[in-house]
Amino acid sequence: MVFRIQKDFFVYCIFGAMATAVNMLSYELFYSILKLPNTPSVILAWFSAVTFAFFTNKYIVFREKGKENKHGIISELLYFYLCRAASGLLDIVIMFIAVDLMDWNHTLWKFISNLAMGICNYIAGKLFIFAKKDE
């Protein structure tokens, strides 16, 4: 059981790093290249990363096989977005304070924000979204 938890966490960290890359690269695209304001860039990057994270968490990290019909996947996806909304709000607050109010380095603070979100998201994924009911 302990090995399973450590393996899940290790795999989560790998795909969490990939989701962080999706989030940071999307943010850079929207904020630095397309010149969108900070908050809309954060929201669009969050949406991109959460979509990526849903599918990797569902099928690879937590190996959740239930709800494979269209309605089940859509409801699970909506629940995933809802659970991740708290960390998305955390991201918006951190980035608003760091970038808009303090004028600190947006790339560094996007990374810091992603670390905070990653911890929150692992807990939500493990305990609520993809919790194993039969173990």
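All values reported here derive from a predicted model rather than from experimental measurement.

### Quick look at the overall build of the chain
In step 1: Helix and strand counts for the chain stand at four helices and zero strands.
In step 2: Going from the N terminus to the C terminus, the chain shows its helices and strands as α-α-α-α.
In step 3: Every one of the 135 residues in the chain was classed for burial, and the buried ones make up 39%.
In step 4: Counting only contacts in the chain whose residues sit at least 6 apart along the sequence, the fraction spanning at least 24 positions is 68%.

### Section: a nonpolar patch on the surface
In step 1: A contiguous nonpolar patch, built from Leu89, Val93, Phe96, Ile97, Leu101, Met102 and Trp104 and spanning about 660 Å² of accessible area, is present on the exposed surface.
In step 2: Locating Leu101 in the fold gives a position in helix H3 (residues 70–101).

### Regarding the layout of surface pockets
In step 1: Approximately 390 Å³ is the volume found for the largest pocket.
In step 2: As for the largest pocket, its lining consists of 25 residues, of which Tyr12, Gly16, Thr20, Asn114 and Gly118 are closest to the centre.
In step 3: Of all the elements in the fold, those that place two or more residues in the lining of the largest pocket are helix H1 (2–33), helix H2 (38–61), H3 and helix H4 (106–129).

### Examining the confidence of the model for the chain
In step 1: Of all residues in the chain, 86% have pLDDT values of 70 or greater, and the mean over the chain is 85.
In step 2: When mean pLDDT is compared element by element in the chain, H2 scores highest at 91, while H4 scores lowest at 83.

### Let's talk about unusual backbone geometry
In step 1: The phi dihedral of Lys35 falls on the positive side, at around 60°, and the residue is not glycine.
In step 2: As for its placement among the helices and strands, Lys35 is situated in the loop between H1 and H2.
In step 3: Take Lys35: its relative accessible area is 62%, and that puts it in the exposed class.

### Focus on H3
In step 1: Taking 1.5 Å per residue, 32 residues should reach 46 Å; H3 reaches 43 Å between its end C-alpha atoms and fits that length.
In step 2: The principal kink in H3, of about 40°, is found at Ala85.
In step 3: Trailing H3 by a residue or two, Asp103 shows a phi angle of about 60°, which is positive.

### Details of the pattern of salt bridges
Pairing between side chains of opposite charge can happen when their charged atoms approach one another.
In step 1: The full count for this structure, using the stated rule, is two salt bridges.
In step 2: Here Glu76 ties to Lys58 by a salt bridge, and the two come within 2.6 Å at their closest N and O atoms. Here Lys58 lies in helix H2 and Glu76 lies in helix H3, a separation of 18 residues in the sequence.
In step 3: Asp91 is paired through a salt bridge with Lys110; the nearest N and O atoms lie 2.6 Å apart. With Asp91 in helix H3 and Lys110 in helix H4, the pair connects residues that are 19 residues apart, well separated along the chain. Residue Asp91 shares its accessibility class with Lys110, and that shared class is buried.

### Considering the packing of H2 against H3
In step 1: Put simply, H2 and H3 touch, their axes get as near as 8 Å, and they point 140° apart. Between H2 and H3 lies a crossing of right-handed hand.
In step 2: Considered class by class, the residues forming the contact of H2 with H3 number 17 nonpolar, six polar and five charged.

Definitions and cut-offs
Residues numbered from 1 in each chain as written. Predicted model: local features only at pLDDT ≥ 70, side-chain atom pairs only at ≥ 80, totals over all residues. Heavy atoms only, no water. Helix = DSSP H or I, 4+ residues; strand = E, 2+ residues; numbered from the N terminus. Buried < 20%, exposed > 50% of the residue type's maximum accessible area, 1.4 Å probe, protein only. Contact = heavy atoms within 4.5 Å. Patch = residues over 30% accessible without salt bridge, like charges linked within 9 Å, V, L, I, M, F, W, Y side chains within 5 Å. Areas by Shrake-Rupley, 256 points an atom, 1.4 Å probe, with all protein chains shown as cover. Salt bridge = Lys/Arg side-chain N within 4 Å of Asp/Glu carboxyl O. 1 Å grid on protein atoms, 1.4 Å probe; cavity = no way out; pocket = protein on both sides within 12 Å on 5 of 7 lines; lining within 4 Å. Points joined across faces, edges and corners; volume = space filled by probe spheres on them. pLDDT = per-residue confidence, 0-100. Expected span 1.5 Å × (residues − 1). Bend = angle between axes of the 7 residues up to and from the residue. Axes fitted to C-alpha atoms, helices over the stretch in contact; angles between N-to-C directions. Left-handed = near helix turned anticlockwise from the far one by under 90°. Nonpolar A, V, L, I, M, F, W, Y, C, P; charged D, E, K, R; others polar.

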